[in-house]
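# Structure assessment
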Amino acid sequence: EKIAVVGATGDIGKAAVKESVRRGYATTAVMRDVSKGKKETKFEGAELKQFDVSDRNACLSGDLFPIGSVDAVVCCLASRTGTRKDSFAIDYQAALNCAEAAKKAGARRFILLSAYCVKSAERGDDYALQFQYAKKKLEEDLAELADESFDYVSVRPTAFFKSVSGQVEVVNESDDFCMQIDAHTQFAKGWDQRLI
């Protein structure tokens, strides 16, 4: 099996690359800047490929995945800001570029790291976030793209503990944070200080 991981430099992408290599798959880690990947031990045993997956034309030209070069693509792409523009550029369009390139190259499967909270967008909840709508649209388009030779899986985990630990790091650095308590928003500064 030839596996490619896009969004390989994120925490989950790194773990996917490491596990793919551990299982003996020929693994390619796709990233914007391979110099960052060369510093990471989690990429040992993987081929590093520098590529801008937001460049649709380059993706579809065969530069991303030459024909026969990949059997399955694991997509761990995620927008950084969560704004509508960023979410639809990365969570939707860049991921779709990768899926279409994978299909064109002869891959048989596309595995999308989505999120359980996409259900908020499916229900049209008032509090649904832009990345949830972007992932929802991508899942719909992947269903249209699938056929007898190319399928997809959308994995919707509930949470990643790195996200929680990142929030704890912010609090420990004594930056301002907001906490919801009994429907009243309280502001605090630092982990050990009392709520104001």
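Reading the values: the criteria
Residues numbered from 1 in each chain as written. Predicted model: local features only at pLDDT ≥ 70, side-chain atom pairs only at ≥ 80, totals over all residues. Heavy atoms only, no water. pLDDT = per-residue confidence, 0-100. Contact = heavy atoms within 4.5 Å. Core = buried A, V, L, I, M, F, W, Y, C linked by side-chain atoms within 4.5 Å. Buried < 20%, exposed > 50% of the residue type's maximum accessible area, 1.4 Å probe, protein only. Helix = DSSP H or I, 4+ residues; strand = E, 2+ residues; numbered from the N terminus. Axes fitted to C-alpha atoms, helices over the stretch in contact; angles between N-to-C directions. Parallel < 35°, antiparallel > 145°, perpendicular 65-115°, else oblique. Left-handed = near helix turned anticlockwise from the far one by under 90°. Nonpolar A, V, L, I, M, F, W, Y, C, P; charged D, E, K, R; others polar.

### What about the confidence of the model for the protein?
Residues of the protein with pLDDT of at least 70 account for 81%, and the chain-wide mean is 86. This stretch, residues 179-196, has a pLDDT under 50; its non-local contacts, to residues over four places away or in other chains, come to 27 contacts.

### A word on the nonpolar core
Among the nonpolar cores identified, the biggest contains 31 residues, and Val6, Val53, Leu64, Phe65, Val73, Leu77 and Phe110 are the most heavily contacted of them. Counting only elements with at least two residues in this core, the list comes to strand E1 (2-6), helix H3 (56-60), strand E4 (72-75), helix H4 (84-105), strand E5 (109-113) and helix H6 (130-145). In terms of residue count, the dominant contributor to this core is H4 (ten residues). When sequence neighbours within four positions are dropped, the list of residues in contact with valine 6 reads Val30, Val53, Phe65, Val73, Val74, Cys75, Cys76, Leu77 and Cys98. In this structure, Val17, Met31, Ala72 and Cys76 belong to the second largest nonpolar core, which totals 13 residues.

### Re the packing of H4 against H6
At their nearest, the axes of H4 and H6 sit 8 Å apart, and the two run at 20 degrees to each other. Judged by the inter-axis angle, H4 sits roughly parallel to H6. Crossing geometry of H4 relative to H6 is assigned as right-handed. Between H4 and H6, the residues in contact are Arg84, Ser87, Phe88, Asp91, Tyr92, Ala95, Leu96, Ala99, Glu100 and Lys103 and Gln130, Phe131, Tyr133, Ala134, Lys135, Lys137, Leu138, Asp141, Leu142 and Leu145, respectively. Partitioned by chemical class, the residues of the contact of H4 with H6 number eleven nonpolar, two polar and seven charged.

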